[in-house]
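# Remarks on the overall topology
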Amino acid sequence: MAETEVAGLAPATVQRVTRWNVLPIMEAVVLALALSLPLALPDYLTVFATRVAILALFALSFDLVWGYAGIMSFGQALFFGAAGYGVALLGRDLNISNLLIVLPAGVLIGLAFALLLGGFLLLGRHPTSMIFVALGTLTGSYAADRLARGWYYLGGQNGIPSIPPMTLGAYEFEEGPVFYYFALALLVVIYLLCRFLVRSQFGLALAGLRENETRIAFFGYKTQHLKAIVFAIGGAIAGLAGSLYAFHEGFVWPNMVGVVISTQVVLYVLFGGSGTLIGAVIGTVIIEGVSFWLSDNYRDVWPIILGVLLLLVILFRPLGLISFVLSERERVGRFGISPKKGSHGAA
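Let me begin by describing the structure that accompanies this report. (Residues numbered from 1 in each chain as written. Predicted model: local features only at pLDDT ≥ 70, side-chain atom pairs only at ≥ 80, totals over all residues. Heavy atoms only, no water.)

### Let's talk about the overall build of the protein chain
- Across its full length, the protein chain carries 14 helices and two strands.
- In the protein chain, the share of contacts with a sequence separation of at least 24, taken over all contacts with a separation of at least 6, comes to 79%.
- When the accessible surface of the protein chain is summed, it comes to about 17,600 Å², and 69% of that surface belongs to carbon and sulfur atoms. (Helix = DSSP H or I, 4+ residues; strand = E, 2+ residues; numbered from the N terminus. Contact = heavy atoms within 4.5 Å. Areas by Shrake-Rupley, 256 points an atom, 1.4 Å probe, with all protein chains shown as cover.)

Below you can see the structure in the form of structure tokens.
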């Protein structure tokens, strides 16, 4: 009888196993393609690919905050740009460009700004709404943009140009394959850390926050503290991305802390698929790649074409492009200890 039941359930079981294997396959394919890019691309496209890898790291920070904790941070560029300005000032005023100093400094700057803003928006006496947090972060980003444009010490409208190249000992990181692989390595490390985090018990609590905050609070979780923690982690990752971006581009400007880049990162995650991590990376690559191609071939109307494409995807695939191949069950993930093989629970 047991064999008959197992045999009857076998197709469903096989289908479930197949679905569970989609995500690691996608991650492996994306990594393999990323590793081989400099071998196939000319130098100027390798520089572009490095910029995309850094922006994908930035998108991870937003996906962690919104896709898993349900915090709509419309001012994520504040942490990204603040770290960029911070390391630019270290390079300009103190002639410090060693990556062992500037990258941790960028992380700390992003973390500090996220703690300050998150403490104000999330740690009040009463739970805050998504709209309040979205408008609060948007206001913070806009205020930082206006401050940067009007502050002579930060270069005003022109920003801070001619940042010295990032160094490690006597070696200088110039645009090219070495910088690309360094940025890719950081992206992979942060991705793995985020994957570990969201598959942990903490990640399960975050998923509960996103789905039903009231019920999670009923279970005894301090929801506001959880939100503040993940908001700070997202700010630290955005700070790392911003410091890398500043050294790769060689200058910083007010748009880095403003509303435009904050909106861009929302589109990256929406387009690829929120709450998956890999969706944020894929969305960044596709949007930046399509933008590059359209701007080169349809210079007058490319923003309109891109806008229509984004609108179509958001309307007809609200879970993003990744929902074509990733099941809802796999998006949520598995938590806890798997039942032993042959047990009643496994059957």
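### Let's talk about the pattern of salt bridges
- Per the stated rule, a full pass over the model turns up four salt bridges.
- Residue Asp 93 is joined to Arg 92 by a salt bridge in which the shortest nitrogen-to-oxygen separation is 2.8 Å. (Salt bridge = Lys/Arg side-chain N within 4 Å of Asp/Glu carboxyl O.)

### Quick look at the packing of helix α12 (residues 278-297) against helix α13 (residues 302-316)
- Between α12 and α13, the shortest axis-to-axis distance is 9 Å and the interhelical angle comes to 150 degrees. Relative to α13, the element α12 is oriented roughly antiparallel. Relative to α13, α12 is oriented so that their crossing is right-handed. Contacts between α12 and α13 involve Ile 287, Val 290, Ser 291, Leu 294 and Ser 295 from the former and Trp 302, Ile 305, Leu 306, Leu 309 and Leu 310 from the latter.
- Partitioned by chemical class, the residues of the contact of α12 with α13 number eight nonpolar, two polar and no charged. (Axes fitted to C-alpha atoms, helices over the stretch in contact; angles between N-to-C directions. Parallel < 35°, antiparallel > 145°, perpendicular 65-115°, else oblique. Left-handed = near helix turned anticlockwise from the far one by under 90°. Nonpolar A, V, L, I, M, F, W, Y, C, P; charged D, E, K, R; others polar.)

### A closer look at a nonpolar patch on the surface
- Among the surface-exposed residues, Trp 293, Tyr 298, Val 301, Ile 304, Val 308, Leu 311, Leu 312, Leu 315 and Phe 316 lie close enough to one another that they form a single nonpolar patch of about 940 Å² accessible area.
- No other element matches α13, which puts six residues into the nonpolar patch.
- Structurally, the position occupied by Val 308 is in helix α13.
- Assessed through its relative accessible area of 44%, Val 308 is described here as partly exposed. (Patch = residues over 30% accessible without salt bridge, like charges linked within 9 Å, V, L, I, M, F, W, Y side chains within 5 Å. Buried < 20%, exposed > 50% of the residue type's maximum accessible area, 1.4 Å probe, protein only.)

### Things to note about the side chain of Ser 141
- Following the sequence through the fold, Ser 141 ends up in helix α6 (residues 130-150).
- Classification of Ser 141 as buried rests on a relative accessible area of 0%.
- A distance of 2.7 Å separates the side chain of Ser 141 from the backbone oxygen of Val 257, its partner in a polar contact.
- Those residues in contact with Ser 141, other than ones at most four positions away along the chain, are Gly 75, Ala 77, Leu 78, Val 257, Gly 258, Val 259 and Ser 262. (Polar contact = N/O pair within 3.5 Å; in protein donor to acceptor, adjacent residues only side chain to side chain.)

### Examining the nonpolar core
- Ranked by internal contacts, the top residues of the largest apolar core, which has 95 residues, are Leu 57, Leu 103, Met 166 and Leu 244.
- The leading source of residues in this core is helix α3 (residues 43-68), at 14 residues.
- With near-sequence residues (within four places) excluded, Leu 103 lies in contact with Met 166, Phe 182, Leu 186, Leu 240, Ser 243 and Leu 244. (Core = buried A, V, L, I, M, F, W, Y, C linked by side-chain atoms within 4.5 Å.)

### Things to note about the packing of aromatic side chains
- Throughout the structure, instances matching the rule amount to 13 aromatic pairs.
- The interplanar angle of 25 degrees and the centroid separation of 4.4 Å between the aromatic rings of Phe 58 and Phe 80 together place this pair among those described as stacked. Note that Phe 58 is positioned in helix α3 and Phe 80 in helix α4 (residues 77-93), a separation of 22 residues in sequence. An identical accessibility class is assigned to Phe 58 and Phe 80; each is buried.
- Seen in terms of ring centroids, Phe 173 and Phe 179 are 6.2 Å apart; in terms of plane orientation they differ by 80 degrees. Their pairing is edge-to-face. Take Phe 173 and Phe 179: they sit in the same class, and that class is buried.
- Each member of the aromatic cluster is reached from another via a ring pair, and the members are Phe 58, Phe 80, Tyr 245, Phe 251 and Trp 253.
- In this structure, Arg 92 is placed above the aromatic ring of Tyr 153, and the distance from its NZ or CZ to the ring centre is 4.9 Å. (Phe/Tyr/Trp six-rings, centres within 6.5 Å; stacked < 30°, edge-to-face > 60°. Lys NZ or Arg CZ within 6 Å of the ring centre and 35° of its normal.)

### Considering α13
- End to end, α13 covers 21 Å across 15 residues, agreeing with the expected 21 Å (1.5 Å per residue, within 8%).
- Those residues of α13 hidden inside the fold are in contact with α11 (259-272) and α12. (Expected span 1.5 Å × (residues − 1).)

### Some words on the environment of Phe 247
- Inspection of the secondary structure assignment puts Phe 247 in helix α10 (residues 223-249).
- Taking the C-alpha atoms as reference, Phe 247 lies 9.1 Å from Glu 174; in sequence the two are 73 residues apart.
- The contact partners of Phe 247, leaving out residues within four places of it in the chain, are Val 87, Ser 97, Val 102, Ile 163, Pro 164, Pro 165, Met 166 and Phe 179.

### What about the packing of helix α8 (residues 201-211) against α10?
- Relative to each other, α8 and α10 sit at 110 degrees, their axes nearing to 11 Å. The angle between the axes of α8 and α10 places the two elements in the roughly perpendicular class. Seen from above, α8 lies across α10 with left-handed handedness. The segment α8 lies against α10, with Phe 202, Ala 205, Leu 206 and Leu 209 engaging Thr 223, Leu 226, Lys 227, Ile 229 and Val 230.
- Classifying every residue of the contact of α8 with α10 by side-chain character gives seven nonpolar, one polar and one charged.

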